Amino acid sequence: DAMAFDLVTIPCLSDNYAFLLRDHDSGAVALIDVPEAAPIMAELDRRGWTLSQVWLTHHHPDHVQGLAELLTRFPAEVIGAKADAHRLPPLDRDVAEGDTVELGALKAEVLDVSGHTVGHIAFHVPDAKAAFTADSLMALGCGRLFEGTPAQMWDSLQKLAALPGDTTICSGHEYTAANAKFALTVDPDNPALISRAKDIDSARAKGQPTVPSPLSLELETNPFLRPADPAIRATLGMPDATDTEVFTEIRRRKDQF
Ligand code: ZN
Ligand code: FE
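Sequence positions are assigned chain by chain, starting from 1 and proceeding in written order. Starting at A for chains and at 1 for ligands, labels are handed out in the order in which the entities are written. Owing to the predicted nature of the model, reporting of local features is limited to residues with pLDDT of at least 70; listing and counting of side-chain atom pairs is limited to 80 or more, with chain, interface and lining totals taken over all residues. Hydrogens and waters are ignored; side-chain quantities use all the structure's heavy atoms.

## What to know about helix H9 (residues 243–256)
Part 1: In this model H9 runs 20 Å from its N-terminal to its C-terminal C-alpha over 14 residues, within 8% of the 20 Å that 1.5 Å per residue would give.
Part 2: Note on classification: 1.4 Å probe, protein chains only; a residue is buried when its accessible area is under 20% of the maximum for its type, exposed when over 50%, partly exposed between these limits. Strands here are runs of E lasting at least two residues and helices are runs of H or I lasting at least four, both read from the DSSP assignment and numbered beginning at the N terminus. When H9 is considered as a whole, its buried residues turn out to be Val246, Phe247, Glu249, Ile250, Arg251 and Lys254.
Part 3: Buried residues along H9 sit in contact with strand S12 (141–142), helix H4 (150–161), helix H5 (176–186) and helix H8 (230–236). To estimate the expected span of a helix, count its residues, drop one, and scale the result by 1.5 Å. Any two residues whose heavy atoms approach within 4.5 Å at even a single point are treated as in contact.

## Notes on the pattern of salt bridges
Part 1: What makes a salt bridge here is a side-chain nitrogen of Lys or Arg within 4 Å of a carboxyl oxygen of Asp or Glu, nothing more. Scanning all chains against the criterion turns up 19 salt bridges.
Part 2: The closest approach of N and O atoms between Lys159 and Glu97, which form a salt bridge, is 2.9 Å. One end of the pair, Lys159, is in helix H4; the other, Glu97, is in the loop between strand S6 (93–95) and strand S7 (100–103), with 62 residues separating them in the sequence.
Part 3: With a closest N to O distance of 3.4 Å, Asp187 and Arg226 form a salt bridge. Of this pair, Asp187 sits in the loop between H5 and helix H6 (191–205) while Arg226 is found in the loop between helix H7 (215–221) and H8, placing the two residues 39 residues apart along the sequence.
Part 4: Several salt bridges share partner residues, and in doing so they unite Glu43, Arg46 and Arg47 into one network.

## Overview of the packing of aromatic side chains
Part 1: Pairs were defined over the aromatic rings of Phe, Tyr and Trp, the Trp ring being its six-membered one, requiring ring centres within 6.5 Å. Orientation was assigned from the angle between planes: stacked under 30 degrees, edge-to-face over 60, tilted for the rest. If you walk through the whole model with that rule in mind, you get eight aromatic pairs.
Part 2: With centroids separated by 6.2 Å and ring planes inclined at 80°, the aromatic side chains of Trp55 and Phe132 adopt a geometry described as edge-to-face. Here the residue Trp55 occupies a position in strand S4 (residues 53–55), and Phe132 occupies one in strand S10 (residues 130–134), the gap between them amounting to 77 residues.
Part 3: With relative accessibility at 1%, the residue Trp55 sits in the buried group.
Part 4: Classification of Phe132 as buried rests on a relative accessible area of 0%.
Part 5: Among the aromatic residues, those joined into a ring-pair cluster are Tyr17, Phe19, Trp55, Phe123 and Phe132.
Part 6: Two thresholds decide whether a charge sits over a ring: the Lys NZ or Arg CZ must be within 6 Å of the ring centre and within 35 degrees of the ring normal. Seen from the ring of Trp49, Arg47 lies directly overhead, with NZ or CZ sitting 5.1 Å from the centre.

As structure tokens, this is what we get:
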């Protein structure tokens, strides 16, 4: 029996996304990341929802800076990474990889997805077929390596790549159009990528978000999940390198793109 839930995407700031996940039976609502308070409060008001929990993915201001203001109107249990408790807003509960967070009948599994920052976590909710990945796995991309090594990010992406293909990847930014331009430079003949790039352009021309995205589509088109792909390796001139080496080169090229 499939669990009933709502998943709401909220555009914030210039290119961030926050998400609301609601368990129908209990009415419990989790907010994932808080780029700014106003659009999130407006969405909660519009739906007549209260907030049960806030799940923080990492400490960067564009993911936490709306929290204090939000809590004044919507008190909630704040959950974030134990490893980053010293630089996150005050937490009511700290979690690490392997921990489970219960939202009514829904259960979220915590994954360590270090790379963009060391301490970045993701929340996988199998019953909602959703994963909240923020600046780790992104639509057609992955986060910049501000703190972690390429090997760390590649480890993190492999954990996410191993989730069921019908998982909805709820990532943190609308960077997909720029990501597509880069992806085409390393994987120019991939028909699924060429087709997705067209879809992205038409969605953006209509002002529609390209986030969230299905993991199955990321596996087919996101070059950061595809260092094993022979065509990408041929384009990079790295036929015999390790996946980590190819990933590292793709990330290096993206930083210079
Ligand atoms: Zn970030
Ligand atoms: Fe961010």
